[in-house]
Amino acid sequence: MQISDMKFLVAEDDDFQRRWLAIMLANLGVKNIIEVADGLSALKILEDRDATPVDISIIDLNMPGMDGIELIRHIAKDDHPGSVILASALDRSLLFSVETMSKAYGVDLLGTIEKPATPENLLALVNLYHPRSERRKPSATITSFTFVDVHRALANKEFEPLFQPKVELANGRVKGAEAFTRWCHPECGYISPSDFIPVLEEIGEMEQFAWIVIEKSIAACKMWHQRGYPISVSINLAPSCLAHAEFADKLIEFIAMQEFDPQYIVIEVTESAAVTYAPYFLENLARLRMKGFGISVDDYGTGHSSMQQLLRIPFSELKIDRSFVAGAYTNHALELVLSASLEVCRKLNKESVAVGVETQHDWDFLHKLGCTYAQGYYIAKPMDGGALPMWMDEWAQFF
């Protein structure tokens, strides 16, 4: 969509700032610009169903009457089709809170410009806009799987792990790969975990599912080693699996039968699991760590655990959640959280893994901050285990 065909709404109570935004838009080629001085006037424009819909609303947060925060709530509630750019001179941590709120509401937030705005910053955000009809729609999900369907899938071992590489930031070397499991349905193709994990939990078959993933992940890892790539594999385990007293012993015995070194296996548990006081859960993790397995705390920063609770898990690495990684190089609040997480790792002598690395900026920023490993679409999407060695050959050419 050409910028000249787009309709803009500028909601700003300061006359000079409002006119300056309108002038910048006009200089960028925008022909249809509506200016209002408060949130209520902006809402009336957005609610006019007879008029051409607004493509992008530039909203000041601190306006008299209905402020920008309330306006965003109304935009979300009424499901307006356009996108939003926030404009404010408020504290950056407050802006971050409003950005988080907007995304939680489901608003298509292009970003925030801090006053005074510049043409370059404004254009960069406008270029992120896609009409609703062109936005990537979530893939259709199938939520009607029966217990019989899932039992059949377990019996046929239809669950297949895909692997996303984990790369050392200091030198670009591939350290390992995390298993992301999909249901390879004979008729529907790949099915995401959100469509089958709840059924597995309801019928109490998470452990049987876990063993399928473990067997296939270790088989893939052994194949990588045979091809000259001695990297590790990370496997996510549900707390319910680790709550069984014999789980660690069974896993240790299985690895011994495979004649495989446990140092190449990382067991991932979510940070929220750190708050559990189940003795079997903690015993299994301690036993696995003692035998040489890696223990990773996933989604760090989202589980609301205290450091005291976290330290009860004998972890070897922290995986910092993507919500604190993406865009941290331009967001001071995110940078503080990210830096603090990395400092925790350094002081505890643990490895740090940043997930959700999607741009060169993310990579460079994490490297500067001293993060150990990176994982995300900037490096590679999850792939079949057989394809990973070829990808590693290509990746090695860049370093």
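Treat the numbers as computed from the prediction; the structure is a model and nothing was measured.

Criteria and thresholds
- Residues numbered from 1 in each chain as written.
- Predicted model: local features only at pLDDT ≥ 70, side-chain atom pairs only at ≥ 80, totals over all residues.
- Heavy atoms only, no water.
- Pairing = 2+ DSSP bridges.
- Helix = DSSP H or I, 4+ residues; strand = E, 2+ residues; numbered from the N terminus.
- Axes fitted to C-alpha atoms, helices over the stretch in contact; angles between N-to-C directions.
- Contact = heavy atoms within 4.5 Å.
- Buried < 20%, exposed > 50% of the residue type's maximum accessible area, 1.4 Å probe, protein only.
- Phe/Tyr/Trp six-rings, centres within 6.5 Å; stacked < 30°, edge-to-face > 60°.
- Lys NZ or Arg CZ within 6 Å of the ring centre and 35° of its normal.
- Parallel < 35°, antiparallel > 145°, perpendicular 65-115°, else oblique.
- Left-handed = near helix turned anticlockwise from the far one by under 90°.
- Nonpolar A, V, L, I, M, F, W, Y, C, P; charged D, E, K, R; others polar.
- Arc of directions from axis to C-beta.
- pLDDT = per-residue confidence, 0-100.
- Salt bridge = Lys/Arg side-chain N within 4 Å of Asp/Glu carboxyl O.
- Core = buried A, V, L, I, M, F, W, Y, C linked by side-chain atoms within 4.5 Å.

1. Re the sheet that holds strand β3 (residues 56-60)
Here five strands make up an open sheet; going across it, the order is β2-β1-β3-β4-β5 and the pairing parallel. Each of the sheet's edge strands pairs with one partner strand only, and the pair in question is β2 (32-36) and β5 (109-114). Taken pair by pair, the neighbouring strands of this sheet meet at an average axis angle of 15°, ignoring direction. As paired elements, strand β1 (residues 7-11) and β3 share four bridges and run parallel to each other. The residue bridging A11 from the neighbouring strand is I59, located in β3. In the packing of helix α3 (residues 68-77) onto the sheet, contacts are made with β3 and β4 (83-88), and the angle to β3 comes to roughly 150°.

2. Looking at the side chain of H80
Looking at where H80 falls in the secondary structure, it is placed in the loop between α3 and β4. Residue classification places H80 among the buried positions, given a relative accessible area of 7%.

3. A word on the packing of aromatic side chains
If you walk through the whole model with that rule in mind, you get 13 aromatic pairs. For the ring pair F159 and F209, a centre distance of 5.1 Å and an interplane angle of 85° mean the geometry is edge-to-face. Of the two residues, F159 is situated in strand β6 (residues 159-168) and F209 in helix α8 (residues 206-226); the sequence distance between them amounts to 50 residues. Grouping residues by exposure puts F159 and F209 together as buried. Ring geometry for W183 and F196: centres 6.1 Å apart, planes at 90°, overall edge-to-face. Taken together, the residues W183 in strand β7 (residues 174-185) and F196 in the loop between β8 (189-191) and α7 (197-202) connect sequence positions 13 residues apart. Of the two residues, W183 and F196, both sit in the buried class. Here the aromatic cluster, defined as three or more aromatic residues joined through ring pairs, consists of F145, F159, W183, F196 and F209. When the ring centre of Y373 is taken as reference, the NZ or CZ atom of K166 above it lies at 5.4 Å.

4. Thoughts on the packing of helix α2 (residues 39-46) against α3
It is the contact of α2 with α3, at a shortest axis distance of 9 Å, that shows an interaxial angle of 15°. Classified by the angle their axes make, α2 and α3 are roughly parallel. The way α2 lies across α3 gives a crossing that is right-handed. Every residue of α3 that contacts α2 at G39, A42, L43 and L46 is listed here: L71, H74 and I75. Residue composition of the contact of α2 with α3, by class: five nonpolar, two polar and no charged.

5. Regarding helix α15 (residues 388-396)
Spacing of three or four residues puts side chains on the same side of an α-helix, whose turn is 3.6 residues. Among all positions of α15, only L388, P389, W391, M392 and W395 are buried. The buried residues of α15 occupy an angular sector of 155° when projected down its axis, which confines them to one face.

6. Things to note about the confidence of the model for the chain
On average, residues of the chain score 89 in pLDDT, and 94% of them reach the 70 mark or higher. In the model, residues 137-142 has pLDDT below 50 throughout and makes five contacts with residues more than four positions away in sequence or in other chains.

7. Some words on the pattern of salt bridges
A complete count under the given rule lists 16 salt bridges for this structure. A salt bridge links D15 to R18, with the shortest nitrogen-to-oxygen separation between them at 2.8 Å. A residue pair is termed a helical-turn pair when its members lie 3 or 4 positions apart in one helix, as D15 and R18 do in helix α1 (residues 15-27) at three residues. Its relative accessible area of 51% is what places D15 among the exposed residues.

8. Re the nonpolar core
The biggest cluster of nonpolar side chains holds 84 residues, and the ones touching the most others in it are F209, I214, W224, L251, L338 and W391. With 12 residues, α8 is the single largest residue contributor to this core. When sequence neighbours within four positions are dropped, the list of residues in contact with W391 reads P165, V167, V174, I379, A380 and M383. Counting 20 residues, the second-largest nonpolar core is a separate cluster that includes M63, L71, I75 and L109.

9. Points about unusual backbone geometry
Between K115 and P116 the backbone carries a cis peptide bond, its omega angle lying at -5°. Residue position: P116 is located in the loop between β5 and α5 (119-126). In this model, D79 sits at a positive phi of 55°, which is unusual for a non-glycine residue. Here D79 shows up in the loop between α3 and β4. Taking relative accessible area as the criterion, D79 reaches 48% and is therefore assigned partly exposed. One non-glycine residue, E259, lies in positive phi territory at about 55°.

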